Amino acid sequence: MSTLNLGILAHVDAGKTSLTERLLFAHGAVETLGSVDAGSTTTDSGELERARGITIRSAVASFRLGDLRVNLIDTPGHPDFIAEVERALAVLDGAVLVLSAVEGVQAQTRVLMRSLRRLAIPTLIFVNKIDRMGARGDAVLAEARAKLGVDVVALNAVRDPGTPGARTVPRDWAAAAAETLADHDDDLLARLVDGAEPTPAELHDRLREQTAAGRVHPAFFGSATTGEGTGRLADGLATLLRPRPVTTAGTSGLVFAIERGVALLRLFSGVVRERQRLVLHRPGPDGRDRQIRGRVTALEVVGGAATELTAGSIGRVHGLTGVRVGDRLGPAGGSGPAPQFAPPSLESVVRPRDPAQQVRLHAALTGLADEDPLIRTRAAPGGGTSVLLYGAVQREVLADRLARDFGLAAEFGEVRPVYFERVTAAGQCVIALDPRRGNDFWATVGLRVEPGPPGSGLRYRREVQPGAVPPAFHRATEEAVRRTVEQGLHGWEVIDCTVTVIRTGYRAPISSAADFRGLTPVVLLRALRDAGTRVCEPCQAVELEVPAETLSAVLGRLAGLGAEVTGSAERAGSWTVTGLLPARLLHEFTAALPGLTHGEGALWSRPGPDRPVRGSVPDRPRLDGNPLHYEEYLRFLSSRLPVPAP
Ligand SMILES: Nc1nc2c(ncn2[C@@H]2O[C@H](COP(=O)(O)OP(=O)(O)OP(=O)(O)O)[C@@H](O)[C@H]2O)c(=O)[nH]1
Ligand SMILES: [Mg+2]
């Protein structure tokens, strides 16, 4: 049996979860039809999702369509959770983009269609909610053609839209489809010109080919609530979409979600079995490949009873300790489009309401961060835990998760932007062991720091003889370097630099690894002071499409937020604007855009180049006892001696 992994995507509230539930019910995968409003759907299984009636995490459910297994991936529509959609995109064979017959094409619809086309994912369109007051018929498809800039072939039609009795009826689609398809097919065009009409079966084949190539989008009207049109959609899934061909030899796959510690793995090629040992790959912070090894203790194939996961399927893989979303199976840099996670640009300090829960709260947050590369934590001054975030809704969701899953009442502090530091020039420092009385540390450490190109991470080198000091002292030095760069001269992480050990020494038998761990931060921060660092902030490269009459209001707001506009061009009554916006302001701007553009503006963003902070430079409180103030640092160390290994 072959498997089709199908994403259901749309703007918030379009009816993705309702449609998913309807398909599951119609094809016997669930016995009773769940409803979003009653909090009883299969895919909105989280308590918070059920309580709020919104989807927060992507979820997979499966049904049989003849000899095809369809894995539906229901995704969230709220822009705060776009990262969940992005993860799902990487594993799809095809997609259904849901429009609401009432609201039509929304800004988020455009963002999604654009991603689907960029990734060449064959996509059907489902125009939902035909039974709702205000629903339109073919006008919605005309809007889709105009606003999404795509070719659409309608395969059914709607009677009495906007009434509870709205029905879908067959449509003589062949004539209209022939014309649309001929736009992309010279052979077909020639036949039409010659009057040699192709048969409906032939046209259907062409439609399938062009759908697979992403050139046209078959569209269906319907209602997830009444079930109208969903049968025709299911036929479309079976006849117009195909599983992705297996292209690579060997075993390759991608972990695209973690559910309570269990990895959801989409296998692109090969086979995975129970008890098998797996090696997963993940790029480390230094860009080097990191391997995560584990043994499959249990395996559930989504939608199947087999205990063997074959190419094309999705499985719940148990036993992979430390696995994270985005981890790849198979050769490093293996198949499948690499997810483009924008780093979170906001930070909030979390504290337990009951101070006695501090350790538990930190452990809970660290556990969540271990599963999810989008959650990052560190200890904060005064016993809190600082969490990196995307936006305010994500913060609420996290607070709720802590309460529900861990029984922890947590308070989130103000949401603040995250900055980092870049080294501006080369600098160095050597602190040598005084052979007669020692310094405060029985160690000699000399370090040079140099700026590296953007994206190069931390590079650590040694320009000393390998045997100059025992390996344990080398390791202690390297570990201390990696820890020290987390707090630069202004307390922010220092990124993209090379640290070279230029001197090292010890005195036997007095010196210990703790001496190297203690001294290295002092030397490195002094070298950084010698070099100089600049506090920078992450930016998003944004692209906007706005109606011409709203352009000046949009540009005015961008200027007010300190964005740099890098280009603008007019096309068919709307303007495309590109620019660079500090990431901390993206949320504010995204929220303002509908008001500025009467709901017509669309925005795409991706991580862009960072830029130095303008105006006063923010400092972040230090947690390392401040090695830049030697006496203070010594007091800090003696208060917590011996210096613990990280
Ligand atoms: N009348 C009508 N209401 C619908 C239809 N489909 C969904 N709804 C309602 O629309 C609301 C949103 O439905 P959901 O299925 O949660 O939408 P969603 O796209 O999954 O929402 P998010 O996951 O939060 O983005 C619910 O109140 C549904 O009952 C439909 O075909 N007709
Ligand atoms: Mg939903």
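Numbering of residues starts from 1 in every chain and runs along the sequence as written. Chain A is the first chain written and ligand 1 is the first ligand written, with later ones labelled in order. Whole-chain, interface and lining totals are the exception, using all residues; otherwise, since this is a predicted model, local features are given only for residues with pLDDT of at least 70 and side-chain atom pairs are given and counted only at 80 or more. Side-chain descriptors were evaluated using all non-hydrogen atoms of the structure, hydrogens and water having been removed beforehand.

Caption draft 1: Fine view of the coordination of the magnesium ion (ligand 2). At 2.0 Å from the magnesium ion (ligand 2) lie its protein donor atoms, namely Thr 17 (OG1) and Thr 55 (OG1). One end of the pair, Thr 17, is in helix α1 (residues 16-26); the other, Thr 55, is in the loop between α2 (47-52) and β2 (59-65), and 38 residues separate them in sequence. Residue Thr 17 shares its accessibility class with Thr 55, and that shared class is buried. With water omitted from the atoms examined, metal sites may look incomplete; donors here are N, O and S atoms no farther than 2.8 Å from the metal, or 3.2 Å in the case of Na, K and Ca. Helix and strand definitions follow DSSP, with helices as H or I runs of at least four residues and strands as E runs of at least two, each counted in order from the N terminus. Think of it in three bands: residues with accessible area under 20% of the maximum for their type are buried, residues over 50% are exposed, and the middle band is partly exposed, with areas taken using a 1.4 Å probe on protein chains only.

Caption draft 2: Just the pattern of salt bridges, in detail. When a carboxyl oxygen of Asp or Glu is within 4 Å of a side-chain nitrogen of Lys or Arg, the pair counts as a salt bridge. Enumeration over the complete set of coordinates arrives at 32 salt bridges. Between Glu 414 and Arg 416 there is a salt bridge; the shortest N-O distance is 3.6 Å. A relative accessible area of 49% places Arg 416 in the partly exposed class. Each member of the salt-bridge network shares a partner with another, and the members are Arg 136, Glu 143, Lys 147 and Glu 600.

Caption draft 3: Summary view of empty space enclosed by the protein. Cavities and pockets are found on a 1 Å grid laid over the protein atoms alone: a cavity is a set of points where a 1.4 Å probe fits but cannot escape, a pocket is an open set with protein on both sides within 12 Å along at least five of seven lines, and a lining residue has an atom within 4 Å of such a point. Grid points are joined across faces, edges and corners, and a volume is the space filled by probe spheres set on the points. Across all of its chains, the model carries 2 cavities of 30 Å³ or more by this definition. Taken together, Thr 444, Val 445, His 474, Thr 477, Val 501, Arg 503, Thr 504 and Phe 516 make up the full set of residues lining the second largest cavity. It is strand β29 (residues 497-505) that provides the largest number of residues to the lining of the second largest cavity, a total of 3 residues.

Caption draft 4: Examining helix α6 (residues 173-182) more closely. Counting buried residues in α6 gives 7 out of 10 residues, a clear majority hidden from the surface. Here α6 has its buried residues at Trp 173, Ala 174, Ala 177, Ala 178, Thr 180, Leu 181 and Ala 182. A contact between two residues is defined here by any heavy atoms of the two lying within 4.5 Å. Those residues of α6 hidden inside the fold are in contact with β6 (151-154), α7 (186-194), α8 (200-212) and β9 (216-221).

Caption draft 5: A look at the sheet that holds strand β14 (residues 289-295). A pair of strands is labelled paired if DSSP reports no fewer than 2 bridges between them. Taken in spatial order, the 7 strands make up an open sheet running β14-β13-β18-β10-β11-β17-β15, and their pairing is antiparallel. Pairing within the sheet leaves two strands with one partner each, and these edge strands are β14 and β15 (298-301). In this structure, strand β10 (residues 252-259) lies alongside strand β18 (residues 328-329), joined through 2 bridges in antiparallel fashion. Opposite Gly 253, over in β18, you have Leu 329 as the bridge partner.

In short, the description is geometric, and any link to function would need to be established separately.
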